Number of protein chains: 2
Amino acid sequence: MEIFYTDMVDGREAKLDSEESTHAVKVLRHRRGDEITVVDGLGNMFHCRLTDDSPKGAVAEILEKVPGWGAHPYSLNMAVCPTKNIDRLEWFCEKATELGVDAITPIIGERSERRVFKPERCKKIVLSAMKQSLKAQLPTVFDAVPLKDFLSQDVPGLKLICYCFEGNARRKSITDVLNEYATKTTGIGTANHCPETPDEPKITILIGPEGDFSPEEANLAVSRGYIPVHLGQSRLRTETAALTAVTATYLHFIHY
Amino acid sequence: MEIFYTDMVDGREAKLDSEESTHAVKVLRHRRGDEITVVDGLGNMFHCRLTDDSPKGAVAEILEKVPGWGAHPYSLNMAVCPTKNIDRLEWFCEKATELGVDAITPIIGERSERRVFKPERCKKIVLSAMKQSLKAQLPTVFDAVPLKDFLSQDVPGLKLICYCFEGNARRKSITDVLNEYATKTTGIGTANHCPETPDEPKITILIGPEGDFSPEEANLAVSRGYIPVHLGQSRLRTETAALTAVTATYLHFIHY
């Protein structure tokens, strides 16, 4: 199943940019009258019929709109320190998109080995992963932001930090914290969950760099309302820890 | 922390092969008398002292043996159809090892696009991931086996197949099936779990190829005792589905 992406949609028709138009017309040889599937990156899928098969700018009439196509019942922002080997973060971006993520915020911490991040490649990867996994919402890949600036923002919802506090005394498992949160709030993730619930839970998860957060950074996050959690006994790479947190969230809401 | 691997261990000393010896002596410049950490791939970690710093075959005296180093409280065999792009399976092997897996069995199904699999690279990858994630047990990467031959084997424990049966009526979520199993059996994964439990749960999970299993293959698996499970609403690539199943198992036993 081939999905086309465009941000040029009005109530009646969807315009494809030159890249998507070329792919539809030159590569897949779609012609006027063919039915195609278009997503707007905002959660909407459109059944369309091609009315203009120009390879520079194809246009399709909207036959049907399907909101929330391939959606997940939570809003997840993964604040992850970019890995030294950028392939590992790019891999995370693909996998997180397949499972379900709303935003990826590259965070630069004191101990980050990589202090520069260019979002272009990751944006291409999440776009391709969105289409491949039949979703209509494009995760936002933000520009890199220093951790202290990120922590100065007011973030609603459940905020978690994966960090190894001395003695573990302060930490619960991510699964326990998600369970407590879900039952405390809307009941999403529980048997009583009703998909119509308007206010889906907002979750933000901080993942540190290879050298982990500094104790000062971790304590600052806690003072800003981030709950310290652990991801179990295994020693995970940064990108593996990040994907494990995404998967824990995904599995928590599996009954949606 | 640098870990060395060897399968040449007797009660008193550990011999390193030429590759590990070169790494220890030429690269890391260890000399006789230095303390090093050695794992045997069978779950044991050894604090050692170098007694022979030959770069061809170093030898170390065992000071302390730590069994079950970095172990997980279950035995997991992932029977996965190799991906057309082998990098994706190799990536899965690394991540599964970081989280905790005992065996990876490449399965060739009717619809497998890749019908030939050379295990050498995956074996190198799990060895490196074992050392990097501070574990002492080396996951076994088997040679590829046709699905029907694999299903003809008698496999103990919990057997799951991730497959989209028409209508989903026959499927439960992997999390529900793991919960039912754990409470039915040793109590592992529950608050009452006692790490000393001798018979750790054995779990085998079947993951199909890009084209999925054929209905005949899926029904044969069910007739052989495999429980159909789903991994949620997202459409996941083969290697992502496989890692999600590994992560679901890992998180289920997170209180170990």
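Since this is a predicted model, take the numbers as computed values, not measurements.

Conventions we followed
- Residues numbered from 1 in each chain as written.
- Chains lettered and ligands numbered in written order.
- Predicted model: local features only at pLDDT ≥ 70, side-chain atom pairs only at ≥ 80, totals over all residues.
- Heavy atoms only, no water.
- Least-squares fit on C-alpha atoms with pLDDT ≥ 70 in both.
- Contact = heavy atoms within 4.5 Å.
- Buried area = accessible area lost by both parts, 1.4 Å probe.
- Salt bridge = Lys/Arg side-chain N within 4 Å of Asp/Glu carboxyl O.
- Polar contact = N/O pair within 3.5 Å; in protein donor to acceptor, adjacent residues only side chain to side chain.
- Helix = DSSP H or I, 4+ residues; strand = E, 2+ residues; numbered from the N terminus.
- Phe/Tyr/Trp six-rings, centres within 6.5 Å; stacked < 30°, edge-to-face > 60°.
- Buried < 20%, exposed > 50% of the residue type's maximum accessible area, 1.4 Å probe, protein only.
- Pairing = 2+ DSSP bridges.

## Brief notes about the relation of the copies chain B and chain A
Okay, step 1: In screw terms, the move from chain B to chain A is a rotation of 180° and a rise of 0.0 Å along the axis, fitting with an RMSD of 0.0 Å. Expressed as an axis order, the relation between the two copies is that of a two-fold axis.
Okay, step 2: Mapped onto chain A, 100% of the interface residues of chain B again fall at the interface, so both copies present the same surface.

## Describing the interface of chain B and chain A
Okay, step 1: Residue-level contacts link 32 residues of chain B with 33 residues of chain A.
Okay, step 2: Roughly 2,900 Å² of surface becomes buried between chain B and chain A when both sides are summed, with 53% attributable to carbon and sulfur atoms.
Okay, step 3: A salt bridge links E239 of chain A to K95 of chain B, with the nearest nitrogen and oxygen atoms 2.6 Å apart.
Okay, step 4: Joining chain B to chain A, the criterion identifies 28 residue pairs in polar contact (both at pLDDT 80 or more).
Okay, step 5: Of all the secondary-structure elements, those providing two or more residues to the side of chain B that touches chain A are α2 (86-99), α5 (174-184) and α7 (238-252) of chain B.
Okay, step 6: Per-element accounting of the side of chain B that touches chain A gives the leading share, eight residues, to α7 of chain B.

## Things to note about the packing of aromatic side chains
Okay, step 1: Within this structure, the stated rule accounts for three aromatic pairs over all chains.
Okay, step 2: Residues Y74 of chain A and F253 of chain A carry aromatic rings whose centres are separated by 4.9 Å and whose planes lie at 25° to one another, so their mutual orientation is stacked. Here the residue Y74 of chain A occupies a position in the loop between β6 (59-66) and β7 (75-80), and F253 of chain A occupies one in the segment after α7 (238-252), the gap between them amounting to 179 residues. F253 of chain A shares its class with Y74 of chain A; the two are buried.
Okay, step 3: An angle of 50° between the planes, with centres 4.5 Å apart, marks the rings of W91 of chain A and W91 of chain B as tilted.

## Describing the sheet that holds strand β5 (residues 45-52) of chain B
Residues and elements named next belong to chain B.
Okay, step 1: Judged by pairing direction, the sheet is mixed, and its six strands sit side by side in the order β1-β4-β5-β6-β3-β2 without closing on themselves. One side of each edge strand has no neighbouring strand; the edge strands of this open sheet are β1 (3-5) and β2 (8-9).
Okay, step 2: As paired elements, β2 and strand β3 (residues 13-15) share two bridges and run antiparallel to each other. Bridged to M8 within β3 is K15.

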